[in-house]
Amino acid sequence: MTGKEHLNYDTFEATVARSQKLEQDLEKNPGKYKMLTGDRPTGRLHIGHLFGSLLNRVRLHKLGVPTFIVIADYQVLTDRDVFKNISENVRQLTIDYLACGIDPARGNTYIFPHSYVPELNQLLLPFLTLVANAELDRNPTVKEEIAASGQKRINAGMYTYPVHQAADILFCKANVVPVGKDQLPHLELARTIARRFNDRFADKKPVFPEPQPLLSQAPVILGLDGSQKMSKSRNNAIMLSADEDETARLIKKAKTDSERVITYDPQNRPEVSNLLLLASLATGRRPEEIAEEIGDGGASKLKKLLTETLNEYLRPLREKRKELENNLDYIREVLNAGVAAARAEAVKTLEEVREVMDMKL
Ligand code: TRP
């Protein structure tokens, strides 16, 4: 640590502006970029993930940007005492990605759990020495997760996983990371680690690029309770894997208000507006237009329309999902190929790291 340089969080507005510029350049020069994204394998994905982040990743993937998707299985161990079904969740997550349109057959597309990539994990050790304890302590996302975990004893993995996440991103020298707002502190840390590593060990020829966050333009999807973000643990989600009847049942129970005439007014009518937004995302029509069409048909007409349009929209994805669930050999193949490619990258990077740190035998 040099001490002269501080981890410094940009204003959100500056990050949004930079992200928009990056977005334009990605469309023009996809070949300049390498994308890395990831999730923890804590369960299946829902339509909040789909509209909030998955479609954005798939869009970049289809532009031809090389795509690395890390399944952060070690990170599951940071905020809970009970670890169940991690391998099943890894499979289900992979199935969700593929069903949404991530296709390894395009080439340069890899899905892998980070626990299978030892050389990636080894980067954690030098990286830990580039960060101060106090910096880890101050990470706002970690603070929130500690509060939400309800645990009395917080393990050291909780404070250090953002450094591990920097290894996830930097091992393959990714330069663009599509994320939600909550991940921005982690991205800032990854950028800082890249910079400090280069300054300290490789000032002539930098080893790591500074990865840039790409914020999704998609709005936050509320749960069917209309009051908080959609999330499986809050029991207000429609899973991609839900069938059509279950989807209908969930929408039927969704919270609305007592006004009969349907209007799109996210400020004052969050519940109804969220349903309209979902119908809009499923149809490509404007929410105001859908509201007008329903008019005094009330919440029941809105729910009927949403059920039909959402089920129709999800039908191909769900069919693909079923097919993949019946072809677990293929899923294993995808993961094995992902691990092999990720390892090859990580071995190369670790070699360079050893070289510049003067640790080679
Ligand atoms: N921390 C992320 C989450 O909570 C998951 C994650 C792990 C990740 N490694 C990553 C996201 C690398 C983007 C890039 O969901």
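Source: prediction; values computed, not measured. (Residues numbered from 1 in each chain as written. Predicted model: local features only at pLDDT ≥ 70, side-chain atom pairs only at ≥ 80, totals over all residues. Heavy atoms only, no water.)

Enquirer: In this structure, what is going on with the domain arrangement of the chain? I would like to understand it.
Expert: Interface size is often expressed as the accessible area that is lost when the parts come together. Parsing the chain into structural domains produces domain 1 (3–218 + 327–356) and domain 2 (244–325). In this assembly, 15 residues from domain 1 lie in contact with 12 residues from domain 2. For the pair domain 1 and domain 2, the summed buried surface comes to about 1,200 Å²; carbon and sulfur atoms form 67% of the total. Connecting domain 1 to domain 2 are two salt bridges. The closest approach of N and O atoms between Arg44 and Glu325, which form a salt bridge, is 3.9 Å. Counting across the domain 1 and domain 2 interface gives seven residue pairs in polar contact (both at pLDDT 80 or more). For the side of domain 1 that touches domain 2, the elements supplying multiple residues, two or more each, are helix H2 (47–62), helix H3 (86–100) and helix H14 (328–356). Take the side of domain 1 that touches domain 2: its biggest share by element is six residues, from H3. Taken together, the residues of the side of domain 1 that touches domain 2 sort by class into 11 nonpolar, two polar and two charged. (Domains from an automatic or database assignment. Contact = heavy atoms within 4.5 Å. Buried area = accessible area lost by both parts, 1.4 Å probe. Salt bridge = Lys/Arg side-chain N within 4 Å of Asp/Glu carboxyl O. Polar contact = N/O pair within 3.5 Å; in protein donor to acceptor, adjacent residues only side chain to side chain. Helix = DSSP H or I, 4+ residues; strand = E, 2+ residues; numbered from the N terminus. Nonpolar A, V, L, I, M, F, W, Y, C, P; charged D, E, K, R; others polar.)

Enquirer: Quick question: what am I supposed to make of the nonpolar core here?
Expert: In a soluble, globular protein the nonpolar side chains are often hidden away together inside. Of all hydrophobic cores here, the largest spans 47 residues; its most connected members are Ile47, Leu50, Tyr97, Ile111, Leu240 and Leu310. Elements that contribute at least two residues to this core include exactly H2, strand S2 (67–71), H3, helix H11 (270–283), helix H12 (287–294), helix H13 (298–325) and H14. Per-domain counts for this core show at least three residues from each of domain 1 (3–218 + 327–356) and domain 2 (244–325). If we ignore the near neighbours within four places in the chain, the residues touching Leu310 are Ile47, Phe51, Ile238, Thr247, Ile251 and Ala282. The next biggest cluster of nonpolar side chains, apart from the first, holds 38 residues, and it includes Phe68, Val131, Ile169 and Val339. (Core = buried A, V, L, I, M, F, W, Y, C linked by side-chain atoms within 4.5 Å. Buried < 20%, exposed > 50% of the residue type's maximum accessible area, 1.4 Å probe, protein only.)

Enquirer: Help me understand the pattern of salt bridges in this model?
Expert: Two side chains with opposite charge may pair up if their charged atoms get near one another. Scanning all chains against the criterion turns up 29 salt bridges. The residue Glu308 makes a salt bridge to Lys304 at a minimum N-O spacing of 3.7 Å. Within this pair, Glu308 and its partner Lys304 are both found in helix H13, separated by four residues, close to a single helical turn. You can call Glu308 partly exposed: its relative accessible area is 47%. In the salt-bridge network here, residues are joined through shared partners; they are Arg44, Asp96, Arg321 and Glu325.

Enquirer: Whenever I open this one, the site of the ligand confuses me. Can you help?
Expert: Taken together, the residues surrounding the ligand are Leu36, Gly38, Arg40, Val70, Ala72, Gln75, Gln165, Asp168, Ile169, Val177 and Gln183. Measuring from a nitrogen atom of the ligand, one finds a side-chain N or O atom of Gln75 at 3.2 Å. Gln183 has a polar side-chain atom sitting 3.2 Å from a nitrogen atom of the ligand. Here the ligand, which alone exposes 370 Å², has 90% of that area covered by the protein. Of all the elements in the fold, those that place two or more residues in the shell around the ligand are strand S1 (35–39) and helix H8 (156–170). By residue number, the principal contributor to the shell around the ligand is H8, which donates three residues. A breakdown of the residues in the shell around the ligand according to their chemical character gives five nonpolar, four polar and two charged. (Near = heavy atom within 4 Å. Areas by Shrake-Rupley, 256 points an atom, 1.4 Å probe, with all protein chains shown as cover.)

Enquirer: For this particular structure, what's the right way to read a nonpolar patch on the surface?
Expert: On the surface, a nonpolar cluster with roughly 280 Å² of combined accessible area is contributed by Tyr74, Leu77 and Phe83. With a relative accessible area of 43%, Phe83 lands in the partly exposed category. (Patch = residues over 30% accessible without salt bridge, like charges linked within 9 Å, V, L, I, M, F, W, Y side chains within 5 Å.)

Enquirer: Where do I start with the pairing of strand S3 (residues 109–113) in this structure?
Expert: On any regular strand, side chains alternate: one points to one face of the sheet, the next to the other face. Across the five residues that make up S3, a large majority, four, are buried. When S2 meets S3, the two strands line up parallel, connected through five bridges. Within S3, the position partnered with Thr67 by the bridge is Thr109. What joins S2 to S3 is H3, and the crossover it makes is right-handed. (Pairing = 2+ DSSP bridges. Right-handed = clockwise from strand over helix to strand, strands pointing away.)

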